[in-house]
Amino acid sequence: MKTTFVILAMLTVPLCASADPVENSANLRMNQIQVVATHNSYHLRPSEPLFSQVKAVYPDAVTWEYEHRPLDEQLDSGVRGFELDLYHDPEAIRVFHVPAFDANSTCETLVDCLTVLRDWSRTHPQHVPVIVLLELKDEPIPQAKPPVLPFNGAALEQLEAELLSVFDEKHLLRPDDVRGDALTLKDAVLNQGWPKLDDVRGRVMFVLHTSGTPAERYAADHPSLEGRVLFLQAFGEEDYAAVYVKNDPTDPEIPSLVRKGYIVRTRADSNLKEAIANDTTRREKAFASGAQLVTTDFPPGEAHEQTGYVVAIEGGKAARVNPVAGE
C-alpha cells in the first residue's frame, strides 16, 4: 500500500481526545507504530546579549536558534517522544544543553520535566507509549561553574531514584515488562515481541542514551537490565539490546533492525539545515525508514518561522501504523 505524507505547515490544533487512535490498534504491538519525537525537547533560545558574544567566537552556535514549547503542550500537539540532556547535580539532576552558553530550559530539573510528563499522562490514560531518551552530559567545560560532574555510580542511582519519585512502577514500561520469561531482553524482542499496543497505553518508557562507562555501570550486576527502570541504547548484540539510535535516516540498518523487532530512533532534520532550506528529503526518508521515533526540532505547532518546515503525521494524528514493522 502506498503511503502518502501530508505535512501541515501550521498544525496548531491540540489533540483533545484522551485516546491516540491507530488503525487496527488491537492487533498491533507497540513497536508497530510510528510517532514524532523532539530533539532537545526542553530547549529555549539562548539569552542575549550573551548569545551574540558566543556566536562571535563559536559560529556553530547558530544551530541553537530554536526552541520548544513546554512538554505538555508538545504532547497536546501529538509529540510522543522526547530527548532530555542531563547534568549531574547531587541536589537535583539538571536539564539543559550547554553550561553557561545555552542553559535555558522549559523545565530546569529532571523531576520538573518528569512531573509535567506524568501529570499529562494521567489525564490522557489511553495515549500510546511515550518514549523518553535521557542523554548523560559529562564532558568537562572550562567555563562551567560549578564544574560538570561525571555520572558515577551514585549519580546513576540518583537518576533511578528521581524517576521513581515521580512515576510509580505501574506507570512505567521497564525492561522486565518486555523480557518476561525470556533468557535476555534481546531474546524477548526478537522472539516474543514487544507488548501489545493496547496493553501498554498510558505508559512511559525511558532509555539511557549513552555509551561507555556510564552504560557499563548501569548494566553491571543486572543481567539483561533485570530490575532496572531504564532501557539502554544498544550498539551491537548486547543481551539488553532493544532500542537503537540511528540518527541518519538513510542508514540501511534501520529497516532491518525494525523488521527484527527493535525500536529505532532517527532524525528528520539536524542543525536547522533542512528547516532553513525547507528541504523535506531527509524527513521523508526518516518516515519511510520505519524508525519508530522520527525526531525533529520542528514538531507540530512549531513550524520554522520563515519556511514553514514542520514534521507531523498526516491528519494531525499522534501515531500511525509503522510502514515497515506494521507490514
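First, a word on what this report is: a plain description of the structure on this page. As the structure is a computational prediction, the values presented were derived from the model and not from experiment.

Criteria and thresholds
Residues numbered from 1 in each chain as written. Predicted model: local features only at pLDDT ≥ 70, side-chain atom pairs only at ≥ 80, totals over all residues. Heavy atoms only, no water. Salt bridge = Lys/Arg side-chain N within 4 Å of Asp/Glu carboxyl O. Helix = DSSP H or I, 4+ residues; strand = E, 2+ residues; numbered from the N terminus. Buried < 20%, exposed > 50% of the residue type's maximum accessible area, 1.4 Å probe, protein only. Arc of directions from axis to C-beta. Contact = heavy atoms within 4.5 Å. Axes fitted to C-alpha atoms, helices over the stretch in contact; angles between N-to-C directions. Left-handed = near helix turned anticlockwise from the far one by under 90°. Nonpolar A, V, L, I, M, F, W, Y, C, P; charged D, E, K, R; others polar.

Regarding the pattern of salt bridges
Thought 1: Counting across every chain of the model gives 19 salt bridges.
Thought 2: Between Glu-237 and Lys-186 there is a salt bridge; the shortest N-O distance is 3.6 Å. Of this pair, Glu-237 sits in the loop between strand 6 (231-234) and strand 7 (243-245) while Lys-186 sits in helix 6 (residues 185-192), and the two are 51 residues apart along the sequence.
Thought 3: In this structure Glu-237 comes out as exposed when scored by relative accessible area, which is 55%.
Thought 4: A cluster of three or more residues bridged by salt bridges with shared partners is formed by Glu-169, Arg-174, Asp-177 and Arg-203.

Side note on helix 6
Thought 1: The complete set of buried residues in helix 6 reads Leu-185, Lys-186, Ala-188 and Val-189. Across the axial projection of helix 6, the buried residues extend over an arc of 165°, all falling on one side.
Thought 2: Where helix 6 is buried, its residues contact helix 5 (175-179), strand 6 and helix 8 (253-260).
Thought 3: Positioned one or two residues after helix 6, Gly-193 has a phi angle of 90°, which is positive.

A look at the packing of helix 3 (residues 110-123) against helix 4 (residues 153-166)
Thought 1: It is the contact of helix 3 with helix 4, at a shortest axis distance of 9 Å, that shows an interaxial angle of 35°. In this structure, helix 3 meets helix 4 at a crossing whose hand is right-handed. Taking contact as the criterion, the partners of Leu-110, Val-111, Leu-114, Thr-115 and Arg-118 in helix 3 are, on helix 4, Leu-159, Glu-162, Leu-163, Ser-165 and Val-166.
Thought 2: The class makeup of the residues in the contact of helix 3 with helix 4 is six nonpolar, two polar and two charged.

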